[in-house]
Amino acid sequence: MRPPPLLLLLLLLLLLLLLLLLLLFGPVPRAAGRGPLRAFVVAHSHMDVGWVYTVQESMHAYAANVYTSVVEELMKGKQRKFIAVEQEFFRLWWDAVATDMHKQQVHKLLQEGRLEFVIGGQVMHDEAVTLIDDQILQLTEGHGFLYETFGIRPQFSWHVDPFGASATTPTLFAMAGFNAHLISRIDYDLKADMQKNKKLQFVWQGSPSLSESQEIFTHVMDQYSYCTPSQIPFSNRSGFYWNGIAVFPDPPKDGVYPNMSLPVTDTNIHLYAQTMVANIKERASWFRTSDVLWPWGCDKQFFNASVQYSNMDLVLDYINEHSDQFGVIVQYATVGDYFQAVYNRSLAWEIRDSRDFFPYSTEPFQAWTGFYTSRSILKGIARRASSLLYAGESFFTQYVRKQPASSICKCQALKQLQSLRWAVSEVQHHDGITGTESPKVKDMYVDNLMYGMFNVKKLMASIIFDLNNAEKNGEVYSYVYSKDAGKPGTTDVDQYVIVYNPLAWNITTFVMVSISHSSVNVYDELGHSVPAQIQSSAESHFTYDLYILVAISGLSYRKYSVKPSLGKQSAFIGRSVKYKQKDITRACQQSRRLLPVVNDCYQIMFDQDTNLMHSITERETNQTVRLTQEFLEYHVNGDVKKGPISDNYLFAPNTSAVPVSKAVGLEVISGNLVTEIRQYFYSNVTAQEYVYVVYTRMYMVPDGYDGKLLCHRIEQEYSAGPLELNREAVLRTSTNLNTGQLLYTDSNGYQIQKRLFKAYVNNTVARNYYPMVQTAYIEDSSTRLMLLAERAHGVSSQGNGQVEVMLHRRLWNNLEWDLNYNLTLNDTSVVRPVFWLILGTKSVTSTLYRTSGLALEHRPVVMFGALSDSEHSRVEIQL
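Not measured: the values here are computed from a predicted model. (Residues numbered from 1 in each chain as written. Predicted model: local features only at pLDDT ≥ 70, side-chain atom pairs only at ≥ 80, totals over all residues. Heavy atoms only, no water.)

Enquirer: Could you give me a rundown of the nonpolar core, with the residues and numbers involved?
Expert: Core analysis: the biggest nonpolar cluster contains 194 residues, and W93, M276, W296, M312, L546 and I548 have the highest contact counts within it. In this structure, W93 is in contact with M59, A64, Y67, T68, V71, A98, H102 and V106, ignoring residues within four places of it in sequence. Core analysis: the second largest hydrophobic core is formed by 45 residues, V118, A180, M194 and M221 among them. (Core = buried A, V, L, I, M, F, W, Y, C linked by side-chain atoms within 4.5 Å. Buried < 20%, exposed > 50% of the residue type's maximum accessible area, 1.4 Å probe, protein only. Contact = heavy atoms within 4.5 Å.)

Enquirer: Any details on the pattern of salt bridges? Residues and values, ideally.
Expert: Here the structure, examined in full by the defined rule, presents 41 salt bridges. With a shortest N-O distance of 2.6 Å, E676 and R678 are connected by a salt bridge. R678 gets classed as buried once you look at its relative accessible area, which sits at 2%. Here E676 makes a salt bridge to R697, at a shortest N to O gap of 2.6 Å. A residue pair is termed long-range when its members are at least 10 positions apart, and E676 in strand β27 (residues 674–682) and R697 in strand β28 (residues 692–699) qualify at 21 residues. The same class applies to E676 as to R697, namely buried. One continuous salt-bridge network, built from bridges that share partners, spans E539, E667, E676, R678, R697, E715, E717 and R832. (Salt bridge = Lys/Arg side-chain N within 4 Å of Asp/Glu carboxyl O. Helix = DSSP H or I, 4+ residues; strand = E, 2+ residues; numbered from the N terminus.)

Enquirer: So what about the packing of aromatic side chains? Which residues, and what values?
Expert: Applying the stated criterion across every chain yields a total of 59 aromatic pairs. Relative to F117, the ring of F90 has its centre 5.0 Å away and its plane inclined at 80°; by these criteria the two rings are edge-to-face. Highlighted residues: F90 in helix α3 (residues 87–96) and F117 in strand β3 (residues 115–117), separated in sequence by 27 residues. For F117, a relative accessible area of 4% gives the class buried. Considering the side-chain rings of F202 and W204, the 6.0 Å spacing of their centres and the 70° angle between planes classify their relative orientation as edge-to-face. For the pair F202 and W204, a shared accessibility class is recorded, and that class is buried. Among the aromatic residues, those joined into a ring-pair cluster are F82, F234, F240, W242, Y272, W294, W296, F302, Y309 and Y332. When the ring centre of W349 is taken as origin, the NZ or CZ atom of R288, which lies over that ring, is 4.6 Å away. Stacked on the ring of W204, the Lys or Arg R352 has its end atom at 6.0 Å from the ring centre. (Phe/Tyr/Trp six-rings, centres within 6.5 Å; stacked < 30°, edge-to-face > 60°. Lys NZ or Arg CZ within 6 Å of the ring centre and 35° of its normal.)

Enquirer: Run through the confidence of the model for the protein, naming residues and quoting values.
Expert: Per-residue confidence for the protein gives a mean pLDDT of 92; residues scoring 70 or more make up 91%. Overall, residues 1–31 carries pLDDT values under 50, and its contacts beyond four positions in sequence, including any with other chains, amount to 13 contacts. Ignoring residues within four places in sequence, the model shows residues 869–873, a span with pLDDT below 50, making 15 contacts including any to other chains. (pLDDT = per-residue confidence, 0-100.)

Enquirer: Kindly report on the state of the cysteines, identifying the contributing residues and their values.
Expert: As enumerated under the stated definition, the model contains two disulfides in all. C227 shares a disulfide with C298; S-S distance 1.9 Å. Its S-S torsion of about 60° marks the bond between C227 and C298 as right-handed, since a negative value means left-handed. Linking C227 in the loop between β6 (216–220) and α8 (269–284) with C298 in the loop between β7 (291–296) and α9 (305–321), this pair joins segments that are 71 residues apart in sequence. Residue C227 shares its accessibility class with C298, and that shared class is buried. (Disulfide = S-S within 2.5 Å.)

Enquirer: Break down the sheet that holds strand β1 (residues 37–43) for me, citing the residues and quoting the values.
Expert: Taken in spatial order, the three strands of this open sheet run β7-β1-β8, and their pairing is parallel. For this open sheet the edge positions go to β7 and β8 (328–333), each flanked by a neighbour on one side alone. Strand after strand, the sheet turns through a mean of 25° between neighbouring axes, direction not considered. Bridge count between β1 and β8: six bridges; the pairing is parallel. Bridge pairing in β8 links A39 to V330. (Pairing = 2+ DSSP bridges. Axes fitted to C-alpha atoms, helices over the stretch in contact; angles between N-to-C directions.)

Enquirer: Any details on the sheet that holds strand β9 (residues 351–352)? Residues and values, ideally.
Expert: Sheet architecture is open: four strands sit in the order β4-β6-β5-β9, paired in mixed fashion. Each of the sheet's edge strands pairs with one partner strand only, and the pair in question is β4 (180–183) and β9.

Enquirer: Account for helix α12 (residues 376–402), with residues named and values stated.
Expert: Taking 1.5 Å of rise per residue, 27 residues should cover 39 Å, and α12 covers 39 Å from first to last C-alpha, within 8% of that figure. Here α12 lies mainly inside the structure; 21 of its 27 residues are buried. (Expected span 1.5 Å × (residues − 1).)

Enquirer: Before we move on, could you go through the side chain of S646 and cite the residues and values that matter?
Expert: Summarising the element assignment, S646 is placed in the loop between β24 (623–635) and β25 (658–659). Exposure remark for S646: the relative accessible area of 0% places this residue in the buried category. A polar contact of 2.8 Å, which involves the side chain of S646, links it to the backbone nitrogen of A652. Only 2.8 Å separates the side chain of S646 from the side chain of E728, close enough to count as a polar contact. If we ignore the near neighbours within four places in the chain, the residues touching S646 are V636, N637, F651, A652, E728, R809, L811 and N813. (Polar contact = N/O pair within 3.5 Å; in protein donor to acceptor, adjacent residues only side chain to side chain.)

Enquirer: Mind laying out the packing of helix α13 (residues 410–427) against helix α14 (residues 439–467), listing which residues take part and the relevant values?
Expert: Two elements in contact, α13 and α14, have axes separated by 8 Å at closest approach and are oriented at 150°. Classed by the angle they form, the pair α13 and α14 counts as roughly antiparallel. The two elements α13 and α14 meet at a crossing, and its hand is left-handed. Side by side, α13 and α14 meet where A413, Q416, L417, S419, L420, A423, V424, E426 and V427 of the first sit next to M444, Y445, N448, L449, Y451, G452, M453, N455, V456, K458 and L459 of the second. Residues belonging to the contact of α13 with α14 are distributed by class as follows: 13 nonpolar, five polar and two charged. (Parallel < 35°, antiparallel > 145°, perpendicular 65-115°, else oblique. Left-handed = near helix turned anticlockwise from the far one by under 90°. Nonpolar A, V, L, I, M, F, W, Y, C, P; charged D, E, K, R; others polar.)

Here is the structure:
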């Protein structure tokens, strides 16, 4: 039946009315998954475990109040939600501040899905300079607490602040059972391109070997990152931060904080709504779905959750009441709510391979590549602490397994280990091991690491006492020792040296101890003579370096006695030959006098006209590589009025690196077991003091010992500093390998990344620096030169056949922000990093580098004790 004419007229009028509304209000942006835009408002507080303020200062000023007030406010509104990220602050609050009522409320909120733990690690770890072992440690430290306390495991990440994104992290999170990964800080121009093309979301296959078996959906935050847009057009205060800015050291007694947003009123609520909706629509245009993640919060927020939620409740209700007008629906949400909505769209996503997002730049002259090296001493201590923790845990485990009825209190032992687990986890924070913190926070990390190391050393010493049936009340003393901080006290003759192998396989290596006498014998437990070599110390005219060859089974220890020589000496003597200091600026290029240093695997030639290294020959293949090493410094600007600056984070060199030495001194210590070449670098031929030193060691292993790893490494220890102000020190190794400036670096000690040299309009040097956590190498068609490190560094290939490692930085600038937070990095220390060089064919180096890298990371733990009537009166541990 045909409709009556009047009905047709009414339908026509209705269509005209709809067209008029579209003309008045404009079309609402649409994306995949039709319908109005839905904004997921995720309330959070970014709480740095360190950075500018110590953990204790942050807990007092705001962090404790965050969890107290958030929990209380969530209970007042069923629609309210919140995400908690780093566990360190939450655990401190849970143990020392939360009442029984708070704890009951947390359990309830978790069950209702209104409080969600994301990441769940002890910290939000850095992704550039951390080792995967330590990433796993801090993640399990936090996850263990959550599972034991609440029976939950986090499902999503929130890695919004690390400075660049590693391909190791998504792989780790996928293996940890995460359903999605969220990052933010990637190169500014790359993010702009991804926004434009709606490619901020993808499936990341971070491991080339695991590929799709451990892939993870990844969301890159847009240009607004994890903070609520702070600028609002109707006020000169920050927007949506009604609790203002946290105040240190004490919260204001009247509750009035700086820069508190204007309270929401009938007068301004529409303006707040318009501002929020406009930002939601802008963000929606960069993604494929109509689901919009809208982070509400920033650094140190929600310390007064009452004023936050009471105002935002009004804004969200207003927008939803006028959703037809705004074209947007808003709701409080967790990260899980957002990712579930995206998942429900059932879209196909682009696959990203194992490439990472390094380096990270925020502007053309703001390359965040300086922190790869900042505070090298802290980086070294953190890695040695991690290694000691592993050794202590394995040693204790073996002890308990073999001595279940031991006299050592297991509860106390676990507390000693836990103190170091906490400290090593804590320093993995993205403003911790990065060296980007203020001096007092650096001191906090070091103090906590030292305390934990002392506890673990004390535990290991106690186990040694017990295993050897020593006097249980004997004196146990220990100190924390880092080569960067100076040599330990000398070991008296008539001592025993206990060496523990924390690796699971047999090792043959040398341990070096400083002693006060030049004539000694070394014996094993059975009284057999042990190969050893004694030589003058490079550190002191009053001590000697004793190298002891040790062969130890996996997860075992051996005891060696060091006794004065009463007749025939068993230790070999290292003989010193000093060569005249040479002016390298006047070296003859025609005829060269070469000095060979040889072991079974390599021959190193030194140029006697310059005292510099000339070449290395790999003896098995007889392949010779021309190789020279020199120290250089990048000069950087400290005045913001004169151009870009370097600071804790940024590397912004003025020009190319400048050679620092015009003269080099040479000393060669030759012995039957060890040959050590000491090169001293002077600013000129008349200078008496040097700033840089290279100690190169080659080892010879007697028959009957497995010396494969020892033979195939050239050990180098560098000494750099103190530097002049606004200098960044590098060691450049130049070879005749035709590498095309192609560099390879490890990704958190887990996998290898290929680093192509890229030319940029600005800042090319800094933007071609990459993090080297453990490994870097260059190669040509047949030969590879590999560097292994025991701490993180920045590394680059600035020329064909070159690899340069940044060793040290000392900076100051007048940027007000850096001055206010004491982040200028005026580091006056001397650093002593160790590298192992491996040269050979690709197949040989591929076989050697994994085992060698672990051997460098987990070097033996050395303990000392005095020989007396009881034979065990004290134990001291050296790292």
